[in-house]
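Chain by chain, the residues:
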Amino acid sequence: GDTARREEMLREMGISPLWQLRATAQVEEQADVMTEPADLAASSPPAPVAREPAAPEAPAVQVQAAVAAGSHEPARIAKMDWPDLKSSVATCTACGLYAKRNKTVFGVGDEHADWLFVGEGPGADEDAQGEPFVGQAGQLLDNMLAAIALQRGTNVYIANIVKCRPPGNRNPQQEEAQACSHYLQRQIELIQPKLIIALGKVAAVNLLGRDATITSLRGQVHDYRNIPLIITYHPAYLLRTLPDKAKAWEDLCFAVNTMQKLMH
Ligand code: URA
Ligand code: SF4
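Residues numbered from 1 in each chain as written. Chains lettered and ligands numbered in written order. Predicted model: local features only at pLDDT ≥ 70, side-chain atom pairs only at ≥ 80, totals over all residues. Heavy atoms only, no water.

Undergrad: I keep staring at the site of ligand 1 and nothing clicks. Help me out?
TA: Surveying the vicinity of ligand 1 reveals the residues Gly119, Glu120, Gly121, Glu126, Pro132, Phe133, Asn160 and His234. Asn160 has a polar side-chain atom sitting 2.8 Å from a nitrogen atom of ligand 1. Contact between ligand 1 and His234: an oxygen atom at 2.8 Å from a side-chain N or O atom of the residue. A total of 240 Å² of accessible area belongs to ligand 1 in isolation, and the protein chains cover 91% of it. (Near = heavy atom within 4 Å. Polar contact = N/O pair within 3.5 Å; in protein donor to acceptor, adjacent residues only side chain to side chain. Areas by Shrake-Rupley, 256 points an atom, 1.4 Å probe, with all protein chains shown as cover.)

Structure representation (structure tokens):
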């Protein structure tokens, strides 16, 4: 019956044992496990070390040296290797977001990953730690990855549209996203992922280069510079809007199927 078919599908997709168990027990509610505390505990990364006090660094000094070297110009960025790209971001003042950041959030993971997940920009936790998706939304993202047998850092890269935190977690403005796009574009050229997953509207519209709703974009394979691009909800949105988790689960299944086709 239905249960058997679903189990078969989950097995074929190589879903983690955690999900398999849950999916068998709660066939109709499989998407719900994405936020259940037990699952968070089971698959969340080790607790972060105590945060350093947010001592303001002295950006002005680093920044002058970097600007003098011209290391934030798009034409230069487009040719950078990983080390230069990382140091360019670390000292960037190309948009106003630099002024209030604590740490830049470059991106993390396998630099030759097949899977690239792109979020919007750092929140408070990411700004403090310098790593993307380490807060609550990040725990959900880790569980979403686990659901399709992926994990942060292994064949997966995670980045954001903007590398510095927009104050108060507002959406990045168009000129901020535009200024920062050169870094993400170079990251993507270096990674050469097989598939990009845009998490949420900000990531989607910036990668697509046009405005649209998530609803109108889901369920299709789009394109970012000849790389297949799939759109789904942002995990922070899913935390607030539980009913849409089932749709996110559909999107993940669609992404897995798409990846399988790309491999053949
Ligand atoms: N939300 C994002 O879009 N990116 C992060 O890194 C964290 C939260
Ligand atoms: Fe530079 Fe991007 Fe930070 Fe703006 S958000 S200062 S473009 S790294």
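Undergrad: So what exactly am I meant to see when it comes to the site of ligand 2 here?
TA: All residues adjacent to ligand 2 are Cys92, Ala94, Cys95, Leu97, Tyr98, Arg101, Lys163, Cys164, Ala179 and Cys180. When grouped by side-chain class, the residues that make up the shell around ligand 2 number 8 nonpolar, no polar and 2 charged. (Nonpolar A, V, L, I, M, F, W, Y, C, P; charged D, E, K, R; others polar.)

Undergrad: Is there a simple way to think about the nonpolar core in this case?
TA: Burial of nonpolar side chains together is a common tendency in soluble globular proteins. Among the nonpolar cores identified, the biggest contains 64 residues, and Trp115, Phe117, Ile196 and Leu207 are the most heavily contacted of them. Residue contributions to this core peak at 8 residues, all from helix 9 (residues 174–191). Apart from the residues within four sequence positions on either side, Trp115 is in contact with Ile148, Leu150, Asn155, Val156, Tyr157, Leu195, Ile197, Ala255, Val256 and Met259. (Core = buried A, V, L, I, M, F, W, Y, C linked by side-chain atoms within 4.5 Å. Buried < 20%, exposed > 50% of the residue type's maximum accessible area, 1.4 Å probe, protein only. Helix = DSSP H or I, 4+ residues; strand = E, 2+ residues; numbered from the N terminus. Contact = heavy atoms within 4.5 Å.)

Undergrad: For this particular structure, what's the right way to read the pattern of salt bridges?
TA: If the charged atoms of two oppositely charged side chains come close together, the side chains can form a pair. Scanning all chains against the criterion turns up 10 salt bridges. Between Glu111 and Lys86 there is a salt bridge; the shortest N-O distance is 2.9 Å. Remark: Lys86 occurs in helix 6 (residues 82–90) and Glu111 occurs in the loop between strand 1 (108–109) and strand 2 (115–119); sequence separation between them is 25 residues. Using a relative accessible area of 25% as the deciding quantity, one classes Glu111 as partly exposed. A relative accessible area of 37% means that Lys86 is categorised as partly exposed. Of the charged contacts in the structure, one is a salt bridge between Glu176 and Arg170, with a shortest N-O distance of 2.8 Å. In the salt-bridge network here, residues are joined through shared partners; they are Glu131, Asp142 and Arg152. (Salt bridge = Lys/Arg side-chain N within 4 Å of Asp/Glu carboxyl O.)

Undergrad: Which parts of the structure should I look at to understand the pairing of strand 6 (residues 227–232)?
TA: The side chains of a regular strand alternate between both faces of the sheet. Within strand 6, 6 of the 6 residues are buried, which leaves the element mostly enclosed by the surrounding structure. On strand 6, burial covers both faces: Ile227, Leu229 and Ile231 on one face and Pro228, Ile230 and Thr232 on the other are all buried. Across 3 bridges, the pairing between strand 5 (residues 222–224) and strand 6 is antiparallel. Along strand 6, the bridge assignment pairs Tyr224 with Ile227. Once strand 5 ends, the chain turns through 2 residues before running back antiparallel as strand 6, passing Arg225 with a positive phi of about 45 degrees. (Pairing = 2+ DSSP bridges.)

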